[in-house]
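Commentary on secondary and tertiary structure
Residue-level listing of the chains:
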Amino acid sequence: MQKSSAKKKCNGHLERIDALQAKLQYLAKETVAAARQANASVKSGTPEAKLAEKDEQIALLMEEGQQLSKTELRHLQTIKKLRAKGLDDEKVLLEMRKKLDKAERSEMEQKHKVRRAEVSERAALDRCKQIPISGEAARRYAK
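First, a word on what this report is: a plain description of the structure on this page. Just so we're clear, the structure is a prediction, and the values are computed from it rather than from any experiment.

A tally of helices and strands in the chain yields three helices and zero strands. Secondary structure elements in the chain, listed N-terminal to C-terminal, are α-α-α. In summary, the chain has a C-alpha radius of gyration of 41 Å against a globular reference of 15 Å for 143 residues, an excess of more than 25%. Its C-alpha atoms give the chain principal-axis dimensions of about 135 × 35 × 25 Å.

Okay, here's the thing in structure tokens:
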């Protein structure tokens, strides 16, 4: 329950961030357009023209900064996801190594059991060969 609640909160914050970014982008474009219009309406060479030109440059720089900020945020999110995936992959790899080690140990134990059983079988056969067989029993086995 807590995860879904936290996820809902996170989604709400992300939606709000997206809305604010869209609003910021809109305002930056409006500022650039207003600065260009002011720059066009003023005679060049006058202090007002220089001020309008600087306002336009500021607006363009703000728009570029906002775009760079969005790009940086996407890159940071990608890095975060990749790091989390790397940690998950490491956990899975560790679990797989543990399972492999366990399987190898089990295999070795089974091989040892087989060897011991073979040795016991040979010893039992050798003991059976050493037991004298009476004449009647020898005839039964010979048939």
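You can see Glu 56 is positioned in helix α2 (residues 47-130). Overall, Glu 56 belongs to the buried group, its relative accessible area being 15%.

Residues Leu 14, Ile 17 and Leu 73 make up a contiguous nonpolar surface patch of about 220 Å² in total accessible area. By the secondary structure assignment, Leu 73 is in helix α2.

All told, the structure shown has two salt bridges when counted by the stated rule. Residue Asp 89 is joined to Lys 85 by a salt bridge in which the shortest nitrogen-to-oxygen separation is 3.2 Å. Of this pair, Asp 89 and Lys 85 are both found in helix α2, four residues apart, which corresponds to roughly one turn of the helix. Its salt-bridge partner being Lys 111, residue Glu 107 comes within 3.5 Å of it at the nearest N-O pair.

All right, on to the packing of helix α1 (residues 2-41) against α2 then. Two elements in contact, α1 and α2, have axes whose closest approach is 8 Å; the angle formed by their N-to-C orientations is 160 degrees. Relative to α2, the element α1 lies roughly antiparallel. Read as a crossing pair, α1 and α2 show a hand that is left-handed. For the pair α1 and α2, contact is made by Gln 21, Leu 24, Gln 25, Ala 28, Lys 29, Thr 31, Val 32, Ala 35, Arg 36, Ala 38 and Asn 39 and by Ala 49, Ala 52, Glu 53, Asp 55, Glu 56, Ala 59, Leu 60, Glu 63, Gln 66, Lys 70 and Leu 73, respectively. When the residues that make up the contact of α1 with α2 are grouped by side-chain class, the tally is ten nonpolar, five polar and seven charged.

The next point concerns α1. In a regular helix each residue adds 1.5 Å, so 40 residues correspond to 58 Å; α1 covers 58 Å between its end C-alpha atoms and thus fits that length. Of all the residues in α1, the buried ones are Ala 28, Val 32 and Ala 35. On its buried face, α1 is in contact with α2.

A few words now on the side chain of Glu 63. Inspection of the secondary structure assignment puts Glu 63 in helix α2. Among buried Asp, Glu, Lys and Arg side chains, Glu 63 stands out as unpaired, with Lys 29 the closest opposite charge at 5.3 Å.

Cut-off values and rules
- Here the residue index of a chain counts from 1 through its sequence in written order.
- A pLDDT threshold of at least 70 governs which residues receive local features in this predicted model, and a stricter bar of 80 or more applies before side-chain atom pairs are shown or counted, although totals over entire chains, interfaces and linings include all residues.
- Excluded from the side-chain calculation are hydrogens and water; included are all heavy atoms of the structure.
- Helix numbers and strand numbers start at the N terminus; a helix is a DSSP run of H or I with at least 4 residues, a strand a run of E with at least 2.
- What the globule rule says is 2.2 Å times the number of residues to the power 0.38, and the radius of gyration is computed from C-alpha atoms.
- Residue exposure (1.4 Å probe, protein chains only): buried if accessible area is under 20% of the type maximum, exposed if over 50%, otherwise partly exposed.
- Residues enter patches when their relative accessible area tops 30% and they take part in no salt bridge; the joining distance is 9 Å for like charges and 5 Å for the nonpolar side chains Val, Leu, Ile, Met, Phe, Trp and Tyr.
- Note on areas: these come from Shrake-Rupley sampling with a 1.4 Å probe, and a residue is covered only by the protein chains present in the view.
- Just to be clear on terms, a salt bridge is a Lys or Arg side-chain nitrogen sitting within 4 Å of an Asp or Glu carboxyl oxygen.
- Axes, fitted as lines to C-alpha atoms, cover a helix only where it is in contact. Angles between the N-to-C directions of the axes lie from 0 to 180 degrees.
- Small angles under 35 degrees read as roughly parallel and large ones over 145 as roughly antiparallel, with 65 to 115 read as roughly perpendicular and the rest as oblique.
- Rotating anticlockwise by less than a right angle from the far helix to the near helix defines a left-handed crossing, while the corresponding clockwise rotation defines a right-handed one.
- By definition, residues are in contact when any of their heavy atoms lie within 4.5 Å.
- Polarity classes work like this: nonpolar for Ala, Val, Leu, Ile, Met, Phe, Trp, Tyr, Cys and Pro, charged for Asp, Glu, Lys and Arg, and polar for all others, with Gly in that last group.
- Multiplying one less than the number of residues by 1.5 Å gives the expected span of a helix.
- We count Lys and Arg on the positive side and Asp and Glu on the negative side, and we leave His and both chain ends out.

Taken by themselves, the reported measurements are silent on function.
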